[in-house]
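Results of the structural survey
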Amino acid sequence: MVSYRFAVVIEQDENGYFAFCPELQGCYTQGSSFEEALKNIEDAIRLHIEDRLEGKERIPQSKSVSLTSLQVTI
C-alpha cells in the first residue's frame, strides 16, 4: 500500500461544513459537523485516488501548501 498526503480545506457556513482537496480537482464533500466533513473528504480522496490509479493517471502531489487570509476593501 502507498500513503499519500494532501491538503484539505474545511469551511463552515450556515448549512454545515464544506470540505475540498485543492490538489485533486473536483474532490469535495460536505458534512453536518467538522468531524463528519473530515471523514467524508477522506473517503472522497480515497475514491478519487483509486479512480486515478485504475485509469493509470498521475497522482498530483504538492511540495508545499500555503494558507493565508486576504482583506479586500471595496
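Please refer to the structure placed before this passage.
Residues numbered from 1 in each chain as written. Predicted model: local features only at pLDDT ≥ 70, side-chain atom pairs only at ≥ 80, totals over all residues. Heavy atoms only, no water.

**Let's talk about the pattern of salt bridges**
Note the threshold: One side-chain nitrogen of Lys or Arg within 4 Å of one carboxyl oxygen of Asp or Glu is enough to make a salt bridge. By definition, any uninterrupted DSSP run of H or I lasting at least four residues is a helix, any uninterrupted run of E lasting at least two residues is a strand, and each is numbered from the N terminus. Burial classes: relative accessible area under 20% of the type maximum marks a residue as buried, over 50% as exposed, and values in between as partly exposed (1.4 Å probe, protein chains only).
By the definition in use, this model includes four salt bridges. Linking arginine 46 and glutamate 42 is a salt bridge whose minimum nitrogen-to-oxygen distance equals 3.2 Å. A residue pair is termed a helical-turn pair when its members lie 3 or 4 positions apart in one helix, as arginine 46 and glutamate 42 do in helix α1 (residues 34–54) at four residues. Take arginine 46: its relative accessible area is 42%, and that puts it in the partly exposed class. When its relative accessible area of 44% is taken as the criterion, glutamate 42 is described as partly exposed. The salt bridge partner of aspartate 43 is arginine 46, with a shortest N-O separation of 3.4 Å. Of this pair, aspartate 43 and arginine 46 are both found in helix α1, three residues apart, which corresponds to roughly one turn of the helix.

**Describing the nonpolar core**
We apply this condition: Buried residues of nine kinds, namely Ala, Val, Leu, Ile, Met, Phe, Trp, Tyr and Cys, make up a nonpolar core once their side-chain atoms join them within 4.5 Å.
Of all hydrophobic cores here, the largest spans 12 residues; its members are Phe6, Tyr17, Ala19, Cys21, Leu24, Cys27, Ala37, Ile41, Ala44, Ile45, Ile49 and Ile59. Of all the elements in the fold, those that place two or more residues in this core are β2 (16–20) and α1. It is α1 that provides the largest number of residues to this core, a total of five residues.

**Considering the pairing of strand β3 (residues 28–31)**
Note the cut-off: Here a strand pair is declared whenever DSSP counts at least two bridges between the two strands.
Along β3, the buried face is formed by Thr29 and Gly31; none of Tyr28 and Gln30, which line the opposite face, is buried. As paired elements, β2 and β3 share four bridges and run antiparallel to each other. Bridge pairing in β3 places phenylalanine 20 opposite tyrosine 28.

**Quick notes on a nonpolar patch on the surface**
To keep it simple, the criterion reads: By definition, no residue in a patch forms a salt bridge, and every one has over 30% relative accessible area; like charges are joined within 9 Å, nonpolar side chains (Val, Leu, Ile, Met, Phe, Trp, Tyr) within 5 Å. Only the protein chains shown count as cover for residues, and all accessible areas are computed by the Shrake-Rupley method using a 1.4 Å probe.
A cluster of nonpolar side chains, namely Val2, Tyr4 and Leu53, defines an oily patch on the protein surface of about 280 Å² accessible area. Locating tyrosine 4 in the fold gives a position in the segment before β1 (9–13).

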